[in-house]
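Read off the chains here:
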Amino acid sequence: GSSGVGGGNGAKKPGQQAHNHYLSYQQSLANSLALQQQSEFDKEIAMICSCLEMVHRANPDAIAQTWDECGSEILPLLVHVLERPFQKIERAVWHALHQEKANVPGSLERAVAMAVTRDQKLAVQKVTKVLAMYSLVPEAKKPMCDCEGMLRWLTRIVDTHNYNRVRPGAPVIGGASAATSAGMSGGSA
């Protein structure tokens, strides 16, 4: 009969469960290490942005000279620093909307609040100050206006009251998609 030891599919099940548990543990460990590396990366970016902001606490002539020497090269990098937290928020919103807990009240807001680290917020604050200093340099105004993404991300940062939410008949400022505008900038910068 089939009551013998090792008969049927029952003999493989404990081994498969252990293997699946091991794979799950490996995935959790890999995710943890990736988050730790990302956290260190965010910390380094925040420190660099803080240093840039401190260096730019100078007289207008020194800031103009800095713009002449490296402003146009650094501008896209600064805009990318502004963009990074919003990319994380967009991913968090997508994951929150596609999980079983999507219908739980407050789950979307929680996902958005947890998506951005303190270091990312600090980096955005410091970059915004550097951009404000460059905006006072006459030669920087046109390149700043022409810089791809600058207006979009600055608008998202300023939108602390979520006026940029998609409402019937309301224009979307900064090109945000309907799925991600609902919780993009509430306290993230």
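Let us look at the structure shown here.

Note that V79 resides in helix α2 (residues 60–97). Between the C-alpha atoms of V79 and T128, which are 49 residues apart in sequence, the distance is 9.2 Å. Those residues in contact with V79 that lie beyond four places of it in its chain are C147, E148, G149, M150 and W153.

Two side chains carrying opposite charge are able to pair once their charged atoms lie near each other. All told, the structure shown has six salt bridges when counted by the stated rule. For D146, the salt bridge identified is with K142, shortest N-O distance 2.7 Å. In this pair, D146 and K142 are both assigned in helix α5 (residues 141–146), four residues apart and thus about one turn of the helix distant. Comparing D146 with K142 shows no difference in burial state: the two are exposed. Salt bridges sharing common partners tie together E53, R57 and K126.

Counted according to the given criterion, the structure contains two aromatic pairs. Between F86 and W153 the ring centres are 5.4 Å apart and the planes differ by 25°, which places this aromatic pair in the stacked class. Highlighted residues: F86 in helix α2 and W153 in helix α6 (residues 150–158), separated in sequence by 67 residues.

This part is about empty space enclosed by the protein. Scanning all chains against the criterion turns up one cavity of 30 Å³ or more. Its volume calculated, the largest cavity comes out at about 40 Å³. Lining the largest cavity, in full, are D42, I45, V81, R84, P85, D119, Q120, A123 and V124. Among the elements that make up the lining of the largest cavity, the one with the highest residue count is helix α4 (residues 118–134) (four residues). In the lining of the largest cavity, the residues fall into five nonpolar, one polar and three charged.

Time to look at the layout of surface pockets. Roughly 220 Å³ of internal volume is contained in the second largest pocket. Forming the boundary of the second largest pocket are F41, I45, I48, C49, L52, I74, L77, L78, H80, V81 and R84. Looking at the lining of the second largest pocket, the elements with two or more residues in it are α1 (13–55) and α2. At six residues, the largest contribution of residues to the lining of the second largest pocket is made by α2. Considered class by class, the residues forming the lining of the second largest pocket number nine nonpolar, one polar and one charged.

Definitions and limits used
Residues numbered from 1 in each chain as written. Predicted model: local features only at pLDDT ≥ 70, side-chain atom pairs only at ≥ 80, totals over all residues. Heavy atoms only, no water. Helix = DSSP H or I, 4+ residues; strand = E, 2+ residues; numbered from the N terminus. Contact = heavy atoms within 4.5 Å. Salt bridge = Lys/Arg side-chain N within 4 Å of Asp/Glu carboxyl O. Buried < 20%, exposed > 50% of the residue type's maximum accessible area, 1.4 Å probe, protein only. Phe/Tyr/Trp six-rings, centres within 6.5 Å; stacked < 30°, edge-to-face > 60°. 1 Å grid on protein atoms, 1.4 Å probe; cavity = no way out; pocket = protein on both sides within 12 Å on 5 of 7 lines; lining within 4 Å. Points joined across faces, edges and corners; volume = space filled by probe spheres on them. Nonpolar A, V, L, I, M, F, W, Y, C, P; charged D, E, K, R; others polar.

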